[in-house]
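Here are the chains, one letter per residue:
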Amino acid sequence: MSTVYLNGEFLPKEEARISVDDRGFLLSDGIYEVSAAYRGRFFRMDRHLDRMRFGLRELRIAYDPGDLPEVHERLLDENGLGNVEVSTVYVQVTRGVAPRTHHFPPGPVAPSVYAFASEFIRPSREAWERGYRSITVPDRRWSRVDIKSIALLPNVLAQQAAVDAGARDAILVKDGIAVEGSHNNLFAVFGETVVTHPASNLILHGITREYVLELAMGLGYPVEERALQVEEIYSAEELFFTGTTTEVRPTVSVDGRAIGSGGVGPVTRALYDAFLQGVAGAPAGAATARS
């Protein structure tokens, strides 16, 4: 029986209850965040909190996430996850319980805060080295993707399209631009230049995305943040996705077309190795720089 956190209490998951009048349930009026811990050490928690504060401010939800690091730590302890290789904590904050209206409640409402922890099973290195398949799908999301909103139906439909096609990831395409994945950020490699979409309102500003960009620059790879035409991704030497529960994941084909040689490329491999060293506690520059 797992222990969860709900509105100031730690309790068995089976006893957690959310009101049917919660605006998250009725209107998807809220945000969420997922943080990874490596053997009990949370990765860039400060950046996750910064992103939460941004989303809460943009949605005008009155909640201070300053106490959440302690909640995260206790959830790991309560669920026996302090020493596992990788675990995650999901936290969701909604505007709270109020009569259903299309405007904000007129009076003060206490936000609903829910969090739970789980173990993350990383794919084997053998599976990773084989790479994964992706498909392209239309990006039907709203224009404020930089807010980590719980309104994820377009993402769900895109990912289900990937599942139906036997692929691992979906690449969202908007006005001819390959924007990002359905639940992760997209990178392309041309030669040794690492390219990803700029951090605008059209993508989620990924914490892992930010870290991988730092790793790429530290390893000496040229970096470009620019829009990627969908035709470009088919001609890229390498493609990969990044995210908290994606880490660094290589794509070896898109829409049935092989990417580069059809295998995992050297830049993706170098960045993944640097990522693994970094989250294990090694200095970010511990990986060998390119020649």
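Worth saying up front: this structure is predicted, and the values here are computed from it rather than measured.

**Q** Let's hear about the overall build of the protein chain: which residues, and what values?
**A** Of the regular secondary structure elements, the protein chain holds eight helices and 15 strands. Expected size for 291 residues packed as a compact globule is a radius of gyration near 19 Å; at 20 Å, the protein chain falls within 12% of this value. Across its three principal directions, the C-alpha atoms of the protein chain cover 60 × 45 × 30 Å. For the protein chain, buried positions account for 49% of its 291 residues. In the protein chain, once contacts between residues fewer than 6 apart in sequence are set aside, the share between residues at least 24 apart is 71%. As presented, the protein chain carries roughly 13400 Å² of accessible surface, and 52% of it is formed by carbon and sulfur atoms. Charge separation in the protein chain, taken as the distance between the mean sites of 30 positive and 38 negative side-chain charges, equals 3 Å.

**Q** Pulling in residues and values, what's your account of the environment of Val113?
**A** As for its position among the elements, Val113 is in strand β6 (residues 112–119). With relative accessibility at 4%, the residue Val113 sits in the buried group. The contacts of Val113, once residues within four sequence positions are left out, are Tyr5, Leu6, Asn7, Tyr63, Leu68, Val91, Gln92 and Val93.

**Q** How would you sum up the packing of helix α6 (residues 207–218) against helix α8 (residues 266–279)? Please name residues and give values.
**A** Their axes nearest at 10 Å, the elements α6 and α8 cross at an angle of 110°. It follows from the interaxial angle that α6 and α8 lie roughly perpendicular. In this structure, α6 meets α8 at a crossing whose hand is right-handed. Across the interface between the two elements, Thr208, Tyr211, Val212, Leu215 and Ala216 from α6 touch Leu271, Ala274, Phe275, Gly278 and Val279 from α8. Broken down by class, the residue content of the contact of α6 with α8 amounts to eight nonpolar, two polar and no charged.

Cut-off values and rules
Residues numbered from 1 in each chain as written. Predicted model: local features only at pLDDT ≥ 70, side-chain atom pairs only at ≥ 80, totals over all residues. Heavy atoms only, no water. Helix = DSSP H or I, 4+ residues; strand = E, 2+ residues; numbered from the N terminus. Rg over C-alpha atoms; globule rule 2.2 N^0.38 Å. Buried < 20%, exposed > 50% of the residue type's maximum accessible area, 1.4 Å probe, protein only. Contact = heavy atoms within 4.5 Å. Areas by Shrake-Rupley, 256 points an atom, 1.4 Å probe, with all protein chains shown as cover. Lys, Arg positive; Asp, Glu negative; His and termini not counted. Charge placed at Lys NZ, Arg CZ, Asp CG, Glu CD. Axes fitted to C-alpha atoms, helices over the stretch in contact; angles between N-to-C directions. Parallel < 35°, antiparallel > 145°, perpendicular 65-115°, else oblique. Left-handed = near helix turned anticlockwise from the far one by under 90°. Nonpolar A, V, L, I, M, F, W, Y, C, P; charged D, E, K, R; others polar.

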